[in-house]
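What follows is each chain in one-letter form.
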Amino acid sequence: MPKFFLPATAGAAGETVHFTQEDAWHIARVLRLAPGTEVRAGDGRGYAYRVLLRTVTPQLVAGEILAKEADESEPALRIHLYQSLLKGEKMDWVLQKGTEIGVFSFQPFLSSRSVARPEPAQAGKKQQRWSRIALEAAKQSERGVIPTVHPLATIDSLPWPAGVPALVAWEGEQEKSLRQVLAAMPKPEELILVVGPEGGFAREEVEFFVDRGALPVSLGPRILRAETAGPVTAALILYHYGEM
Ligand code: SAM
């Protein structure tokens, strides 16, 4: 059964919670759950709830909180995936698989070799669509958090918060592998992972990232497709730190 996300952070045991209109329809019409059924819900901010359904109609589903606890499904390490914009469904793939794996947030951005370059009006619609993909993947994978998909950025507007280590996956890196870099890095609370577009990063873009403290890392001698590199690297990082 998918995890439902409550529209707001709920209170303590005994309180009544209401599910979203969309989830109400799904619970009543698709899953056909009856009052008295216990379901799991999250608030998308790291808390999990056991909820006893009291009212079940396609328009309204409400229940009573039986228990509220910290959501154990979230990695302690928050990975922010800075993904240079990919064409069409490849971006959807990165968002869906990255969410399943445990990525905390996604920051799409344009780099010099980004093939997809949406108009500003389109970018807003794309972000809404991408956020929906992250929501659906978070439900399916029973995440405790709904990953944020930030608005499309330019390479110059990417944030580099102080104290957050950053890795840039670069096939031109000849010395440092991901494995070596992680072995020398104590488990951080957050980490930025930068991945290029179909055409890769220009050397001066890698230098731009290095100037902002990012470490170039090799993923090995094989060239991964852009849509492979992000999810795989996120999985390797989480595995290394015992989160998978
Ligand atoms: N320059 C590549 C080529 O000539 O095929 C295209 C870039 S690759 C398809 C897309 C992105 O995946 C790269 O920008 C990099 O971030 C990452 N990537 C793929 N293979 C990699 C590897 N072996 N080591 C490090 N990064 C890699």
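Residues numbered from 1 in each chain as written. Predicted model: local features only at pLDDT ≥ 70, side-chain atom pairs only at ≥ 80, totals over all residues. Heavy atoms only, no water.

### Examining the overall build of the chain
- When its secondary structure is counted, the chain shows six helices and twelve strands.
- Each principal axis of the C-alpha atoms in the chain carries an extent, and together these give about 60 × 40 × 30 Å.
- Of all 244 residues assigned to the chain, the portion counted as buried reaches 48%.
- Total accessible area computed for the chain in this model is approximately 12000 Å², and 52% of it derives from carbon and sulfur atoms.
- One way to put it: in the chain the 27 positive side-chain charges average out to a point 4 Å from where the 29 negative ones average out. (Helix = DSSP H or I, 4+ residues; strand = E, 2+ residues; numbered from the N terminus. Buried < 20%, exposed > 50% of the residue type's maximum accessible area, 1.4 Å probe, protein only. Areas by Shrake-Rupley, 256 points an atom, 1.4 Å probe, with all protein chains shown as cover. Lys, Arg positive; Asp, Glu negative; His and termini not counted. Charge placed at Lys NZ, Arg CZ, Asp CG, Glu CD.)

### Quick word on the pairing of strand β10 (residues 166-169)
- Both faces of β10 are covered, namely the face carrying Ala166 and Val168 and the face carrying Leu167 and Ala169.
- In terms of strand pairing, β10 meets strand β11 (residues 190-195) through three bridges, oriented parallel. Bridged to Ala166 within β11 is Ile192.
- As for the winding sense of the linkage, the β-α-β connection from β10 through helix α4 (residues 178-183) to β11 is right-handed.
- Pairing between β10 and strand β12 (residues 215-217): three bridges, direction parallel. In the sheet register, Ala169 faces β12, and the bridge partner there is Val217. (Pairing = 2+ DSSP bridges. Right-handed = clockwise from strand over helix to strand, strands pointing away.)

### Description of the pattern of salt bridges
- Applying the stated rule across the entire model yields 13 salt bridges.
- Among the ionic pairs, Glu74 bridges to Arg143, the shortest N-O distance being 2.7 Å. One end of the pair, Glu74, is in the loop between β5 (61-70) and β6 (78-84); the other, Arg143, is in the loop between α3 (120-140) and β8 (148-149), and 69 residues separate them in sequence.
- The exposure class assigned to Arg143 is buried, which follows from its relative accessible area of 3%. (Salt bridge = Lys/Arg side-chain N within 4 Å of Asp/Glu carboxyl O.)

### Here's the deal with the nonpolar core
- By size, the foremost hydrophobic cluster in this structure holds 34 residues, and its most contacted members are Leu167, Leu193 and Ile237.
- Mapped onto this core, the elements with two or more residues apiece are β6, α2 (89-101), β7 (105-110), α3, β10, α4, β11 and α6 (226-240).
- Those residues in contact with Ile237, other than ones at most four positions away along the chain, are Leu77, Ile79, Leu167, Leu178, Leu182, Leu191 and Leu193.
- One finds Trp160, Ala166, Val206 and Phe209 within the second-largest nonpolar core, a separate group that totals 17 residues. (Core = buried A, V, L, I, M, F, W, Y, C linked by side-chain atoms within 4.5 Å. Contact = heavy atoms within 4.5 Å.)

### So, the site of the ligand
- In the vicinity of the ligand there are 19 residues, among which Ala169, Glu171, Leu219, Gly220 and Arg222 approach most closely.
- The contact in question runs from a nitrogen atom of the ligand to an N or O atom on the backbone of Gly220, over 2.8 Å.
- Contact distances for the ligand include 2.8 Å between a nitrogen atom and a backbone N or O atom of Arg222.
- A majority-of-atoms criterion places the ligand in the largest pocket.
- Along the lines of polarity and charge, the residues of the shell around the ligand split into eleven nonpolar, four polar and four charged. (Near = heavy atom within 4 Å. Polar contact = N/O pair within 3.5 Å; in protein donor to acceptor, adjacent residues only side chain to side chain. 1 Å grid on protein atoms, 1.4 Å probe; cavity = no way out; pocket = protein on both sides within 12 Å on 5 of 7 lines; lining within 4 Å. Sits in = over half its atoms within 2 Å of the grid points. Nonpolar A, V, L, I, M, F, W, Y, C, P; charged D, E, K, R; others polar.)

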